[in-house]
Amino acid sequence: MSANRSLEGQVAVVTGAARGVGELLARKLSARGARVALVGLEPEALKEVSERLHTDSDHWHADVTDHEAMARVAQEVKQRFGKVDLVVANAGVAAGGPFADSDPEAWRRVIEVNLIGGAVTARAFLPVLTESRGYFLQIASLAAITPAPMMSAYCASKSGVEAFAHCLRAEVGYKGVKVGVGYLSWTDTDMVRGADQDEVMRELRARLPWPSNRTYPLGPAVDRIVAGIERRSPHVYAQWWLRGMQGVRGYLPGIIATVGQREMKRFEPRLTSVSRGLVGAGGAADEKERTLGTERH
């Protein structure tokens, strides 16, 4: 296990920092003395978060899937703070429902934001992280460890970023750059609350086996992420039991396939009512940004 490093004076970049995990993570990193650069799609919300932080901070409006924008942000953060020590690729969106009836644009956008966005963030900030021998933390999910029906885009994206981060760790470790993967189960955020607004999705989740069927408080989850960042851990678990899932993940696809078929058959008459777009306030912000972008062009 790596020794804890003081975050005092470190420069941390957090994407998706307007709310939820990103916002609270920025606050807790700041409380430990880190200077923080906030990146996201909602400049007014980011400005409010920045103004409440304990240390020097700033915010950047950028779409994490836009390589040119993120490369510019990386340069500007370096100019603003002099260096970058930590980058947390946290930005993410979600959509649920049966794949066959899913909205192709929403499905694709989940992959773009969660997987492509994580890779674009890493590509943009690797030069400055190499200079500082820093740490890149990719936020993944329980969805990277186990498949789940009605969550094909989200599971595919989170499995993808997990694999990407593992590959990147092997590539850049000799340069002194550490790479970690953060795993969260259902945590009390706008995204999860947005998904729970759909009756079918809420009932399906309630039927998952314990402890994966409950929503966990945000504060303790983010505390565990901060502790992982202080250790620059290769694996960071926001809920204690997720570590144990690694040992049984090979058995999970078969189990989920068997149980999932039964559940899908049970819910089939109600599946047409499931929402097809991105969920939660973050999903709404992403859709608004894309609409504005289309109007500009």
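Report on the accompanying structure. Keep in mind the model is a prediction, meaning the values are calculated, not measured. (Residues numbered from 1 in each chain as written. Predicted model: local features only at pLDDT ≥ 70, side-chain atom pairs only at ≥ 80, totals over all residues. Heavy atoms only, no water.)

Section: the overall build of the chain
Item 1. Along the backbone of the chain there are 11 helices and 7 strands.
Item 2. Since a compact globule built from 297 residues should have a radius of gyration of about 19 Å, the 19 Å found for the chain is in line with a globular shape.
Item 3. With respect to the principal axes defined by its C-alpha atoms, the chain has extents near 55 × 50 × 35 Å.
Item 4. Out of the 297 residues belonging to the chain, those deemed buried represent 52%.
Item 5. Taking contacts inside the chain between residues at least 6 apart in sequence as the whole, the part at least 24 apart equals 71%.
Item 6. Carbon and sulfur atoms make up 53% of the accessible area of the chain, which amounts to about 13,700 Å² in all.
Item 7. Considering the chain, the positive charge centre built from 38 side chains and the negative charge centre built from 34 side chains are found 7 Å apart. (Helix = DSSP H or I, 4+ residues; strand = E, 2+ residues; numbered from the N terminus. Rg over C-alpha atoms; globule rule 2.2 N^0.38 Å. Buried < 20%, exposed > 50% of the residue type's maximum accessible area, 1.4 Å probe, protein only. Contact = heavy atoms within 4.5 Å. Areas by Shrake-Rupley, 256 points an atom, 1.4 Å probe, with all protein chains shown as cover. Lys, Arg positive; Asp, Glu negative; His and termini not counted. Charge placed at Lys NZ, Arg CZ, Asp CG, Glu CD.)

With respect to the pattern of salt bridges
Item 1. A complete count under the given rule lists 16 salt bridges for this structure.
Item 2. Note that Asp 58 and Arg 80 form a salt bridge whose closest N and O atoms lie 3.0 Å from each other. You can see Asp 58 sitting in strand β3 (residues 57–61) and its partner Arg 80 sitting in helix α3 (residues 67–81), a full 22 residues away along the chain.
Item 3. Classification of Asp 58 as partly exposed rests on a relative accessible area of 22%.
Item 4. Between Glu 263 and Arg 266 there is a salt bridge, and its shortest N-O distance comes to 3.7 Å. Taken together, the residues Glu 263 and Arg 266, both in helix α10 (residues 252–267) and 3 residues apart, mark about one turn of the helix.
Item 5. Glu 263 gets classed as buried once you look at its relative accessible area, which sits at 10%.
Item 6. The exposure class of Arg 266 is partly exposed, given its relative accessible area of 47%.
Item 7. Among the charged side chains, a network of salt bridges with common partners joins Asp 63, Arg 109, Glu 112 and Asp 286. (Salt bridge = Lys/Arg side-chain N within 4 Å of Asp/Glu carboxyl O.)

Overview of the layout of surface pockets
Item 1. Quantified by volume, the second largest pocket comes out at close to 170 Å³.
Item 2. Forming the boundary of the second largest pocket are 10 residues, of which Leu 41, Glu 42, Pro 43, Lys 288 and Glu 289 lie nearest the centre.
Item 3. Secondary-structure elements contributing two or more residues to the lining of the second largest pocket are α2 (43–52) and α11 (280–296).
Item 4. Among the elements that make up the lining of the second largest pocket, the one with the highest residue count is α11 (5 residues).
Item 5. Residue composition of the lining of the second largest pocket, by class: 4 nonpolar, 1 polar and 5 charged. (1 Å grid on protein atoms, 1.4 Å probe; cavity = no way out; pocket = protein on both sides within 12 Å on 5 of 7 lines; lining within 4 Å. Points joined across faces, edges and corners; volume = space filled by probe spheres on them. Nonpolar A, V, L, I, M, F, W, Y, C, P; charged D, E, K, R; others polar.)

Examining the pairing of strand β5 (residues 135–139)
Item 1. β5 sits mainly inside the fold: 5 of its 5 residues count as buried.
Item 2. Burial along β5 is two-sided: Tyr 135, Leu 137 and Ile 139 facing one way and Phe 136 and Gln 138 facing the other are all buried.
Item 3. Read as a crossover between parallel neighbours, the route from strand β4 (residues 86–89) over helix α4 (residues 104–132) to β5 is right-handed.
Item 4. Inspection of the sheet shows β5 paired to strand β6 (residues 178–183) by 5 bridges, in the parallel sense. Residue pairing for β6: Gln 138 is matched across the bridge by Val 181. (Right-handed = clockwise from strand over helix to strand, strands pointing away. Pairing = 2+ DSSP bridges.)

Quick word on empty space enclosed by the protein
Item 1. If you walk through the whole model with that rule in mind, you get 1 cavity of 30 Å³ or more.
Item 2. Taken together, 13 residues make up the lining of the largest cavity; nearest its centre are Ala 95, Gly 96, Gly 97, Ser 102 and Trp 107.
Item 3. Among the secondary structure elements, those contributing two or more residues to the lining of the largest cavity are α4 and α5 (152–172).
Item 4. Taken together, the residues of the lining of the largest cavity break down into 7 nonpolar, 4 polar and 2 charged.

What to know about the packing of aromatic side chains
Item 1. Throughout the structure, instances matching the rule amount to 4 aromatic pairs.
Item 2. Here Phe 99 and Trp 107 contribute two aromatic rings whose centre-to-centre distance is 5.6 Å and whose plane-to-plane angle is 70 degrees, an arrangement assigned as edge-to-face.
Item 3. Here Phe 99 falls in the exposed class, since its relative accessible area comes to 54%.
Item 4. Here the aromatic rings of Tyr 183 and Tyr 237 are separated by 5.2 Å at their centres, their planes lie at 15 degrees, and the arrangement is stacked. Placement of the pair is Tyr 183 in strand β6 and Tyr 237 in strand β7 (residues 235–237), with a sequence separation of 54 residues. (Phe/Tyr/Trp six-rings, centres within 6.5 Å; stacked < 30°, edge-to-face > 60°.)

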